[in-house]
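Below, each chain spelled out in residue letters.
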Amino acid sequence: MLGLANYLFYRNTVVITRGLQGSGKSSLAQELATLAAHSGLSVCIHETDSFFQTDEGYVFNPAMVGEYHKENYLAFQKSIDNGINVVIQSNTNVRHWEYEKYLSYAVENSYSTIIIDLHDNGMSNEELHSRQCHDFPLEKYNLLREGYQRIGAGVLT
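What you see is a predicted model, and the numbers here were worked out from it, not measured in a lab.

Participant: I'd like a rundown of helix α4 (residues 97–108), residues and numbers included.
Facilitator: In this model α4 runs 17 Å from its N-terminal to its C-terminal C-alpha over 12 residues, within 8% of the 16 Å that 1.5 Å per residue would give. Restricting attention to buried positions, one finds in α4 the residues Tyr99, Tyr102, Leu103, Tyr105 and Ala106. Down the axis of α4, the smallest arc covering the buried residues is 160°, so these residues share one side. Facing away from the buried side of α4 by more than 90 degrees, the exposed set consists of Trp97, Val107 and Glu108. Contacts from the buried residues of α4 go to β1 (13–19), α3 (65–81), β5 (86–90) and β6 (112–119). In the stretch just after α4, Ser110 is the one whose phi turns positive, near 60°.

Participant: Any details on the environment of Thr54? Residues and values, ideally.
Facilitator: Tracing the backbone shows Thr54 in strand β3 (residues 53–54). Exposure remark for Thr54: the relative accessible area of 35% places this residue in the partly exposed category. Within polar-contact distance, the side chain of Thr54 engages the backbone nitrogen of Glu56 at 3.1 Å.

Participant: Tell me about the side chain of Thr17, and name the residues and values.
Facilitator: Its location among the elements puts Thr17 in strand β1. Given the relative accessible area of 0%, Thr17 is considered buried. Residues in contact with Thr17, not counting those within four places in the same chain, are Lys25, Leu28, Gln89, Ser90, Asn91, Asn93 and Ile116.

Participant: Account for the confidence of the model for the chain, naming residues and giving values.
Facilitator: Looking at the chain, the pLDDT average stands at 88 and 92% of residues meet or exceed 70. The element-level mean pLDDT for the chain is lowest in helix α1 (residues 4–8), coming to 69, with strand β2 (residues 43–46) highest at 97. Here residues 153–157 is modelled with pLDDT under 50, and outside its nearest four sequence neighbours on either side it reaches 7 contacts, counting other chains as well.

Participant: Tell me about the environment of Asn12, and please be specific about residues and values.
Facilitator: Position of Asn12 among the secondary structure elements: in the loop between α1 and β1. The class for Asn12 is partly exposed, based on a relative accessible area of 23%. In the structure, Asn12 is positioned 31 residues away from Val43 in sequence and 9.8 Å away in space, judged by C-alpha atoms. Aside from chain neighbours lying at most four places away, what touches Asn12 is Gly83, Ile84, Asn85, Tyr111 and Ser112. Within the local environment of Asn12, its side chain forms a polar contact with the side chain of Asn85, the two groups lying 3.0 Å apart.

The rules behind these values
Residues numbered from 1 in each chain as written. Predicted model: local features only at pLDDT ≥ 70, side-chain atom pairs only at ≥ 80, totals over all residues. Heavy atoms only, no water. Helix = DSSP H or I, 4+ residues; strand = E, 2+ residues; numbered from the N terminus. Expected span 1.5 Å × (residues − 1). Buried < 20%, exposed > 50% of the residue type's maximum accessible area, 1.4 Å probe, protein only. Arc of directions from axis to C-beta. Contact = heavy atoms within 4.5 Å. Polar contact = N/O pair within 3.5 Å; in protein donor to acceptor, adjacent residues only side chain to side chain. pLDDT = per-residue confidence, 0-100.

Following this line, the structure appears as structure tokens:
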């Protein structure tokens, strides 16, 4: 009997997770990576937030956001170029354009693609805020919710 990983990752696959801070993107990415690795597949997770990790912990520097997104995308491309079996991109991806280049690169390189839209995972702003670990301000959740583009028929062109 084939395992779940064989169904999800029957060939080289890119998984894009998206959702508000605290919705479970990083946790899900780790679970998928573990599933793939236990099935003997090579796997790599790409999160822009990882660039803000220092010896002192997570230190957000708004001046570096653009640069770190570029570095994350280059690392993502390198994983695909190196033939990693399961490549996971796990950023908030609030708007579709934020992950479209990742999706395009995957398709151009014959990777299967899975987009997992967690949005708020059924949680209130307060619940999301209590779960996230990057000091995202509670008062900004409504703004993100208003700008969040859900996946639906005909959304991506």
